[in-house]
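Residue-level structure breakdown
What follows is the residue order along each chain.
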Amino acid sequence: MLYLSDDDWIKISPTVLHSNDKIALGESIYNIMKSICSKLKFSSQVVLSIAMIYFHKFYFYSNFQIEKGTNRLFLCSAFIFIATKVANRLISLNEISNIIKDILTKKNLSFSKDDIKQNIIHYEFSIMSILGFNLEVDLPYSFLVKAKRFFEENLQLNTKKVIELCCYYINDSFILPLCLHYIPDVIAISTVSIMSKQIGIKLNIEK
């Protein structure tokens, strides 16, 4: 996976990490994608996390105006559709179009299934083009296997609950574009540190 350089990160991080509008946008995109993912036949947090990485890269490299309404929904569905392929959680265009049609119908918006498919295809190609067809991603979850062994060997805790708490923090980290600059191990270690403070335990992270 290609990461942002220190110079690029210094340029964007103040405006992204300290902007209520940018944070609200990340939350909105995340919630829309989460809603779509929850309806997938092969739903997975990994799919959602991959889709959010693509969103952040797309937004950074294109400076695309993420409009509210149906265009945002179609864009999010395209991110999810691409992510299902990368995560090997394959779904058909027909299946995701049905999900989007149901969402639109509940909003009293009328779109034919063909129109929905064409919009998803349009955004899928735009995303792929902006990303340079580079879909390689790195995720922090695998590091938690090492953390689990550390907890089991050094702490008398409910390891399953501790790992679940760390996963929640990792999931939430994708609302912000941290994944564009920080490698997965750094993000995972940070969530372990947050978790330890949350539940009031001291960890020797360097061990």
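A few points on the structure.

What counts, and at which threshold
Residues numbered from 1 in each chain as written. Predicted model: local features only at pLDDT ≥ 70, side-chain atom pairs only at ≥ 80, totals over all residues. Heavy atoms only, no water. Helix = DSSP H or I, 4+ residues; strand = E, 2+ residues; numbered from the N terminus. Rg over C-alpha atoms; globule rule 2.2 N^0.38 Å. Buried < 20%, exposed > 50% of the residue type's maximum accessible area, 1.4 Å probe, protein only. Patch = residues over 30% accessible without salt bridge, like charges linked within 9 Å, V, L, I, M, F, W, Y side chains within 5 Å. Areas by Shrake-Rupley, 256 points an atom, 1.4 Å probe, with all protein chains shown as cover. Salt bridge = Lys/Arg side-chain N within 4 Å of Asp/Glu carboxyl O. Core = buried A, V, L, I, M, F, W, Y, C linked by side-chain atoms within 4.5 Å. Contact = heavy atoms within 4.5 Å. Phe/Tyr/Trp six-rings, centres within 6.5 Å; stacked < 30°, edge-to-face > 60°.

Attention now moves to the overall build of the protein. Counting its regular elements, the protein contains 9 helices and 0 strands. Mapped from its N terminus to its C terminus, the protein presents α and β elements in the order α-α-α-α-α-α-α-α-α. Its C-alpha atoms give the protein a radius of gyration of 18 Å, near enough to 17 Å, the size a compact globule of 207 residues would have. Projecting the C-alpha coordinates of the protein onto the three principal axes gives extents of approximately 55 × 40 × 30 Å. Counting every position in the protein, which comprises 207 residues, the buried fraction comes to 42%.

Let's shift gears to a nonpolar patch on the surface. A surface patch of nonpolar side chains, about 240 Å² in accessible area, is lined by Y182, I183 and V186. By the element assignment, Y182 lies in the loop between α8 (159–173) and α9 (184–199).

This brings us to the nonpolar core. In terms of nonpolar packing, the biggest core is built from 64 residues, with M33, I36, F79, I80 and I100 touching the most fellow members. Top element by residues in this core is helix α4 (residues 70–86). It accounts for 10 residues. Discounting residues that sit within four places of it in the chain, I80 has contacts with M33, I36, C37, L40, V47, A51 and I96.

What follows covers the environment of R72. Note that R72 resides in helix α4. The exposure class assigned to R72 is buried, which follows from its relative accessible area of 9%. A sequence separation of 40 residues divides R72 from I32, and the C-alpha atoms of the two residues are 8.7 Å apart.

The description of two aromatic rings rests on the distance between their centres and on the angle between their planes. Throughout the structure, instances matching the rule amount to 7 aromatic pairs. Taken together, a centroid distance of 5.5 Å and an interplanar angle of 80 degrees make the contact between F74 and F111 edge-to-face. Here F74 is found in helix α4, whereas its partner F111 is found in the loop between α5 (93–106) and α6 (113–130), with 37 residues between them in sequence. The buried category is assigned to F74, whose relative accessible area is 1%. When the centroid spacing of 6.5 Å and the interplanar angle of 65 degrees are considered together, the rings of F125 and F133 count as edge-to-face.

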